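# Observations on the model geometry
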Amino acid sequence: MESTFKEIRDGQSVLDLDPKSTVGGGVEDVYGEDRATEDKLVTPWTFSVASGYSLLRDPQYNKGLAFTEKERDAHYLRGLLPPIILSQQLQEKKLMQNIRQYQVPLQKYISLMELQERNERLFYKLLIDNVEELLPVVYTPTVGEACQKYGSIFKRPQGLYISLKEKGKILEVLKNWPERTIQAIVVTDGERILGLGDLGCQGMGIPVGKLSLYTALGGVRPSACLPITIDVGTNNEQLLKDEFYIGLRQRRATGKEYYELLHEFMSAVKQNYGEKVLIQFEDFANHNAFELLAEYRTTHLVFNDDIQAGTGIAELIALEISKQTKAPLEETRKKIWLVDSKGLIVSSRKDSLQNFKKPWAHEHEPVKDLLGAVKAIKPTVLIGSSGVGKTFTKEVVEALASCNDVHTLSQNPVYIFKLYFHKEKAKPNSINDMQKPIIMALSNPTSQSECTAEEAYTWSKGRAIFASGSPFDPVEYDGKTYVPGQSNNAYIFPGFGLGLIISGAIRVHDEMLLAASEALASQVTKENFDKGMIYPRFSTIRKISAHIAANVAAKAYELGVATRLPRPKDLVKCAESCMYTPVYRNYR
Ligand SMILES: NC(=O)C1=CN([C@@H]2O[C@H](COP(=O)(O)OP(=O)(O)OC[C@H]3O[C@@H](n4cnc5c(N)ncnc54)[C@H](OP(=O)(O)O)[C@@H]3O)[C@@H](O)[C@H]2O)C=CC1
Ligand SMILES: CC(=O)C(=O)O
Ligand SMILES: [Mg+2]
């Protein structure tokens, strides 16, 4: 596979590869028209002032009943609105009441999407002020169901669809998007949507949801965000037969055809938006994700929050242990063990392993399943990101709990994770914390969670520290309330993106991801730990994001990949001051 891109580049099969517009294109902003020469086609953009009915229909500027008397006169709104003026606060109260009346999460999702299309600022005000309540609606788990039913609930496009039909004209397609100054793109090809598999073109719900979090949690302007779905077909038989399916009705393109389209896309994005546009690869299947990241991380500002938070978790933890203990990375990797569908990853399997698993193939006799692996390795932390629900069985949790008992605690703890692995324990408060098994069931949505919060607490007799990818409610066990954490990349990517934007970063390095993790960890309070929580609450996410952004930006400056100069002295203040706030603006 590694040669696929090389063949495409060498064969010049897609674009006339202009080195400035593809690789090594310098640091200045390069926008399409500015580069146009006489023989290049340009888009005839015009700008007009919205007023009257069109102002009410423009989600960016619509304020519903909050238009003042003066604004109603000045903008030809008289008679188009009932006489009452309703403040944004009251509108928010009314909408939250309406949303709470829906019993079915998908109804809440649809009503929020309608709000986003009607009144963007009110949508973000709701999301920011009620983040813990609404995050599970616009994001996992409900967004998963929304993607599964996207064809039926689809009303208006919320992002760009680039299918095989657009091959050869992707640059023109990008110019059809109404916004010009794009700073963050989330792109999927829909092949691995959460743990729900191939949802083809209907994966669009994910980039839309992720970017709404870039804005709500990270403060990136909504107009600077562009959701994109690349449609190369789907192998989902059910969707292929579904009369409401919105994507190409064909099996997935692979190999050269796939990579040519992706290469044209990546080149066109850079040509149209410049080098500082962030491209987040989202929910690509592993067989493409690793290669795409490896190919473009040296020429574009890209990251993949799935694999850089999947087996990437293992790598980042090994890096952090190495950083803190000064032990070589090869040694710290040995503290982390992975289990895949064939059992423990061990050196005797090395020849048949995919490349990204090889660094984790340590010396050990073969173990065929997770239970056997837990018994053999005696991990202190069990992290699941297998996409397969219910795999942390009672026996697995009991085995984990028993090897993390004060009476049996190893003097030299090793730590588990991913596919399933082992991690260094973070900042124990006391010997009591050292006794606690840590269980992280990261797979989304809730149906794919490796175990529920209730199972983790019950099976470990209340000793587990538990966090999951999709949220679970607090659990009562033996008279005590346990508050599960939400271990989701939503803590990281919004602040991470903001940090890249405020520093004008042109590349992403692993150290920057580590800087983001460290900033997040520093926001966990003693009060959180005392409640058994290893994450801060989402209600403080804007503050967390500002700290993450500042740490990421600082690292970008340190590594010499930041272009926004001079470096602001106080990066936290700088991040905060750059954050979008959704309060209504006054119109002249
Ligand atoms: N909480 C969060 O922030 C995030 C959560 N996720 C979630 O992670 C999940 C997986 O994503 P991704 O890594 O892309 O998925 P993949 O399907 O690409 O990888 C899953 C891995 O799990 C292994 N596996 C499958 N079944 C088992 C099993 N029964 N026992 C042990 N290992 C098994 C597979 O093994 P093999 O290689 O042998 O097939 C494979 O290596 C998804 O549900 C996604 O929602 C992803 C990103 C972030
Ligand atoms: C959270 C996320 O990115 C995933 O489940 O894929
Ligand atoms: Mg994902």
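Quantities reported herein were computed from a predicted structural model and do not represent experimental measurements.

Once that is clear, we can look at the UniProt feature "domain: Malic enzyme N-terminal" (unreviewed entry) in the chain. In this numbering, the UniProt entry assigns the feature "domain: Malic enzyme N-terminal" (unreviewed entry) to residues 116–297. Between the end C-alpha atoms of residues 116–297 there is a gap of 32 Å, over a span that is 47% helix and 11% strand.

Taken together, the residues surrounding ligand 2 are Y139, R192, L194, K210, E282, D283, D306, N444, N488 and N489. In the model, an oxygen atom of ligand 2 is placed 2.8 Å from a nitrogen or oxygen of the K210 side chain. In this structure, D306 approaches ligand 2 through a side-chain N or O atom, which is 3.0 Å from an oxygen atom. Relative to its unbound accessible area of 220 Å², ligand 2 is 91% covered by the protein chains.

Another aspect to go through is the packing of helix α22 (residues 510–522) against helix α24 (residues 541–559). Where α22 meets α24, the axes come as close as 8 Å, and the angle between the chain directions of the two elements is 150°. Here α24 runs roughly antiparallel to α22, going by the angle between their axes. Crossing geometry of α22 relative to α24 is assigned as right-handed. For the pair α22 and α24, contact is made by E511, M512, A515, A516, E518, A519 and L520 and by I544, H547, I548, N551, V552, K555, A556 and L559, respectively.

For helix α6 (residues 120–129), the buried fraction is high: nine of the 10 residues fall into the buried class. Restricting attention to buried positions, one finds in α6 the residues E120, R121, L122, F123, Y124, K125, L126, L127 and I128. Elements that come into contact with the buried residues of α6 comprise α4 (88–101), α5 (105–118), α7 (131–138), α11 (205–216) and α24.

What counts and what doesn't
Residues numbered from 1 in each chain as written. Chains lettered and ligands numbered in written order. Predicted model: local features only at pLDDT ≥ 70, side-chain atom pairs only at ≥ 80, totals over all residues. Heavy atoms only, no water. UniProt positions renumbered as here; feature names shortened; annotations may be inferred. Helix = DSSP H or I, 4+ residues; strand = E, 2+ residues; numbered from the N terminus. Near = heavy atom within 4 Å. Polar contact = N/O pair within 3.5 Å; in protein donor to acceptor, adjacent residues only side chain to side chain. Areas by Shrake-Rupley, 256 points an atom, 1.4 Å probe, with all protein chains shown as cover. Axes fitted to C-alpha atoms, helices over the stretch in contact; angles between N-to-C directions. Parallel < 35°, antiparallel > 145°, perpendicular 65-115°, else oblique. Left-handed = near helix turned anticlockwise from the far one by under 90°. Contact = heavy atoms within 4.5 Å. Buried < 20%, exposed > 50% of the residue type's maximum accessible area, 1.4 Å probe, protein only.

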